[in-house]
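# Reading the structure
So the chains spell out like this:
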Amino acid sequence: QVQLVESGGGLVQAGGSLRLSCVASGRTFSSYAMGWFRQAPGKEREFVATIGWSGGYTYYADSVKGRFTATRDNAKMTVYLQMNSLKPEDTAVYYCAAGPGVAEAPGRYDYWGQGTQVTVSS
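Below is a summary of the structure that appears in this document. For clarity, every value in this text was computed on a predicted model and none was experimentally measured. (Residues numbered from 1 in each chain as written. Predicted model: local features only at pLDDT ≥ 70, side-chain atom pairs only at ≥ 80, totals over all residues. Heavy atoms only, no water.)

## So, the packing of aromatic side chains
All told, the structure shown has seven aromatic pairs when counted by the stated rule. Where Tyr32 meets Tyr111, the ring centres are 6.0 Å apart and the plane angle is 85°; that geometry is what we call edge-to-face. One end of the pair, Tyr32, is in the loop between β3 (18-26) and β4 (33-39); the other, Tyr111, is in strand β10 (residues 111-112), with 79 residues separating them in the sequence. In this structure, Tyr32 and Tyr111 share a single accessibility class: buried. Their ring planes at 70° and their centres at 5.8 Å tell us that Phe37 and Phe47 sit as a pair that is edge-to-face. (Phe/Tyr/Trp six-rings, centres within 6.5 Å; stacked < 30°, edge-to-face > 60°. Helix = DSSP H or I, 4+ residues; strand = E, 2+ residues; numbered from the N terminus. Buried < 20%, exposed > 50% of the residue type's maximum accessible area, 1.4 Å probe, protein only.)

Here is the structure:
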């Protein structure tokens, strides 16, 4: 089992930045690929970013490419999502997830955090 806890969400003005953290506990964190997803009210859960087990591979949704950066620190069992140039359409609950490989599909991830709210005001 892997337990994931996100933090770092909040209210920010358009153009601002936030850094989300996701701390893992349980099984060996470094063996898992990690993903970031978001879900806005009334919408389906949406892929944001994924990062390989070593941190050497990352892949982003087109909507966040160039603005968001995923990194990880395996010694701290933590994955981060640096979000810059935030837009009102980035408003959502953000989730981290752990799975056996990098992927866009939520079903490819085995473990999920509880989510953290990000609200971007215009």
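Once the structure has been displayed, the description carries forward.
## Observations concerning the state of the cysteines
This model, assessed by the stated rule, comprises one disulfide. Between the sulfur of Cys22 and that of Cys96 lies a disulfide, 2.0 Å long from S to S. Across the disulfide from Cys22 to Cys96, rotation about the S-S bond amounts to roughly 55°, and the bridge is consequently right-handed. Taken as a pair, Cys22 in strand β3 and Cys96 in strand β9 (residues 92-99) lie far apart in primary sequence, 74 residues in all. Here the two residues Cys22 and Cys96 agree in accessibility, since each one is buried. (Disulfide = S-S within 2.5 Å.)

## Notes on the environment of Gly9
If you trace the backbone, Gly9 turns up in the loop between β1 (2-7) and β2 (10-13). Among the residues examined, Gly9 registers a relative accessible area of 32% and is labelled partly exposed. Sequence separation between Gly9 and Leu20 is eleven residues, and the spatial gap between their C-alpha atoms is 6.2 Å. With residues up to four places along the chain from it excluded, the contact list for Gly9 reads Leu18, Leu20, Thr116, Gln117 and Val118. (Contact = heavy atoms within 4.5 Å.)

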